[in-house]
Amino acid sequence: MTSPAPATANSSLPTIAFIGGGNMASAIIGGLIHQGHPARQIEVVEPYAPAREALLKNFGIAAQPEAGPALQRASIVVWAVKPQTFKDAAAQAKAHTAQALHLSVAAGIRSDSIAQWLGSERIVRTMPNTPALVGKGMSALYARPAVGAAERAQVEVILASTGEFLWVETEKQLDAVTALSGSGPAYVFYFLEAMTRAGTAMGLPEAQAHRLAVGTFVGASELARRSDEPPAVLRERVTSKGGTTYAALQSLEASGVAAAFEAAMRAAEQRAHELGNEFGT
């Protein structure tokens, strides 16, 4: 994997259409508007009425319930649909999006399937995650060979509005990305739940236990981000043999937590692969 040069967001992007107007689409739309992209240059197709109402309330965007000629003015189409609905959505929109660059945020659906459904080779796949909702997302991108450098740069501007991103060399790596960062926020929330329960059981008020757990994750993550040293070294620096941290980590090792966690990520990677087989061509 390689990290790209930082992209500079601006309001010069062409009209962008979103097929699907749920949480991830809203995160990207919010980021774009915050950085100056006009709402009038955003089209959204969203069949779910409450989601359309939220887009109108939050961004002033009047989303359409189904694909139509309005999509023809979009130079970029972002596919923010569930894997199981992608094929049907593509069939409805294909006639109106032939001119566009396509950016998919759908988990598992491979670009070969998307190319077949849309009749286009200009496809980029990305795997974002939910911290994009607060501008702290982590996304990975893969482009088919037909996508040029200028189009890659446009995609970078879109993703930069949600947080950080990087490009992967092979599409297969996106399954690993899905398991690591795509599903990753749920792992963090899982541990936060456990730490909060434990803190409460040990006598802390729940609100305080939760605040301490969240603050610890935030601080440790920032320390890891700023440090040139690997996590193992950072861990060893707070682990004195015979001390409290040592006792906790010995208990985790004895319970096989590390091995179980790695197996869980493998399960997520396998499911991402299966989604491509199940809902792709």
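Residues numbered from 1 in each chain as written. Predicted model: local features only at pLDDT ≥ 70, side-chain atom pairs only at ≥ 80, totals over all residues. Heavy atoms only, no water.

Q: Help me understand the overall build of the protein chain, please; the structure alone is not making it clear to me.
A: Along the protein chain, the regular secondary structure elements total eleven helices and seven strands. The principal-axis extents of the C-alpha atoms in the protein chain amount to approximately 70 × 40 × 35 Å. Burial analysis of the protein chain (281 residues in total) assigns 41% to the buried set. Sequence-distant contacts, at least 24 apart, represent 65% of the contacts inside the protein chain between residues at least 6 apart. Summed over its atoms, the accessible surface of the protein chain is roughly 15200 Å², and 57% of this surface lies on carbon and sulfur atoms. (Helix = DSSP H or I, 4+ residues; strand = E, 2+ residues; numbered from the N terminus. Buried < 20%, exposed > 50% of the residue type's maximum accessible area, 1.4 Å probe, protein only. Contact = heavy atoms within 4.5 Å. Areas by Shrake-Rupley, 256 points an atom, 1.4 Å probe, with all protein chains shown as cover.)

Q: Teacher, can you tell me more about the nonpolar core here?
A: For soluble globular proteins, the rule of thumb is that nonpolar side chains tend to be buried together. Counting 32 residues, the largest nonpolar core has Phe 18, Val 124 and Ile 158 as the members making the most contacts within it. The element best represented in this core is helix H1 (residues 23-34), accounting for six residues. In this structure, Ala 17, Val 81, Phe 86 and Ile 123 belong to the second largest nonpolar core, which totals 21 residues. (Core = buried A, V, L, I, M, F, W, Y, C linked by side-chain atoms within 4.5 Å.)

Q: Where do I start with the packing of aromatic side chains in this structure?
A: Between two aromatic rings, the relevant description is the distance of the centres plus the angle of the planes. By the definition in use, this model includes five aromatic pairs. With centroids separated by 6.0 Å and ring planes inclined at 70°, the aromatic side chains of Phe 191 and Phe 261 adopt a geometry described as edge-to-face. Separated by 70 residues along the polypeptide, Phe 191 in helix H7 (residues 184-201) and Phe 261 in helix H11 (residues 257-279) bring together distant segments of the chain. Judged by its relative accessible area of 31%, Phe 191 falls in the partly exposed class. Positioned above the aromatic ring of Trp 167, the side-chain terminus of Arg 152 is 4.4 Å from the ring centre. (Phe/Tyr/Trp six-rings, centres within 6.5 Å; stacked < 30°, edge-to-face > 60°. Lys NZ or Arg CZ within 6 Å of the ring centre and 35° of its normal.)

Q: Can you help me understand the sheet that holds strand S1 (residues 16-19) in this one?
A: The strands making up a sheet are joined through hydrogen bonds of the backbone, oriented either antiparallel or parallel. With respect to topology, seven strands assemble into an open sheet ordered S2-S1-S3-S4-S5-S6-S7, the strand pairing being mixed. On the outer flanks of this sheet lie strand S2 (42-45) and strand S7 (163-167), each paired with one strand and no other. Across the sheet, the mean angle from the axis of one strand to that of its neighbour is 20°, orientation sign disregarded. Helix-sheet contacts for helix H4 (residues 111-118) involve strand S3 (76-79), strand S4 (101-104), strand S5 (123-127) and strand S6 (137-143), and the interaxial angle to S5 is about 135°. (Pairing = 2+ DSSP bridges. Axes fitted to C-alpha atoms, helices over the stretch in contact; angles between N-to-C directions.)

Q: Help me out: how do you make sense of the pairing of S6 in this one?
A: Taken residue by residue, a regular strand's side chains alternate between the two faces of the sheet. Counting buried residues along S6, six of its seven residues qualify, which places the element largely inside the surrounding structure. Relative to S6, S5 runs antiparallel, the two being bridged by four bridges. Across the sheet, the residue bridging to Val 124 is Ala 143, located in S6. Looking at chain direction, S6 and S7 are connected through five bridges and run parallel. Along S7, the bridge assignment pairs Leu 141 with Trp 167. Once you follow S6 into helix H5 (residues 149-160) and on to S7, the crossover reads as right-handed. (Right-handed = clockwise from strand over helix to strand, strands pointing away.)

Q: Help me understand the pattern of salt bridges, please; the structure alone is not making it clear to me.
A: Oppositely charged side chains may form a pair once their charged atoms are brought near each other. Within this structure, the stated rule accounts for twelve salt bridges. One connected set of salt bridges, linked through shared partners, spans Glu 164, Glu 222, Arg 225 and Arg 226. (Salt bridge = Lys/Arg side-chain N within 4 Å of Asp/Glu carboxyl O.)

Q: Looking at this structure, how should I read the side chain of Thr 178?
A: Examined against the element boundaries, Thr 178 turns out to sit in helix H6 (residues 173-182). Classification of Thr 178 as buried rests on a relative accessible area of 9%. In this view, Thr 178 contacts Met 127, Ser 183 and Ala 272; residues no more than four positions away in its chain are not counted.

Q: I keep staring at the packing of H6 against H11 and nothing clicks. Help me out?
A: Helix-helix packing: each pair is described by the crossing angle between the helix axes and the interaxial distance. Where H6 meets H11, the axes come as close as 8 Å, and the angle between the chain directions of the two elements is 135°. It follows from the interaxial angle that H6 and H11 lie oblique. For the crossing formed where H6 meets H11, the hand is right-handed. Mapping the contact onto sequence places Asp 175, Ala 176, Thr 178, Ala 179 and Leu 180 in H6 and Met 265, Ala 268, Glu 269, Ala 272 and His 273 in H11. (Parallel < 35°, antiparallel > 145°, perpendicular 65-115°, else oblique. Left-handed = near helix turned anticlockwise from the far one by under 90°.)

Q: Which parts of the structure should I look at to understand H6?
A: Of all the residues in H6, the buried ones are Leu 174, Asp 175, Val 177, Thr 178, Ala 179 and Ser 181. Looking at the buried residues of H6, the elements they touch are S5, S6, H7 and H11.

By themselves, these observations are geometric and do not establish any function.
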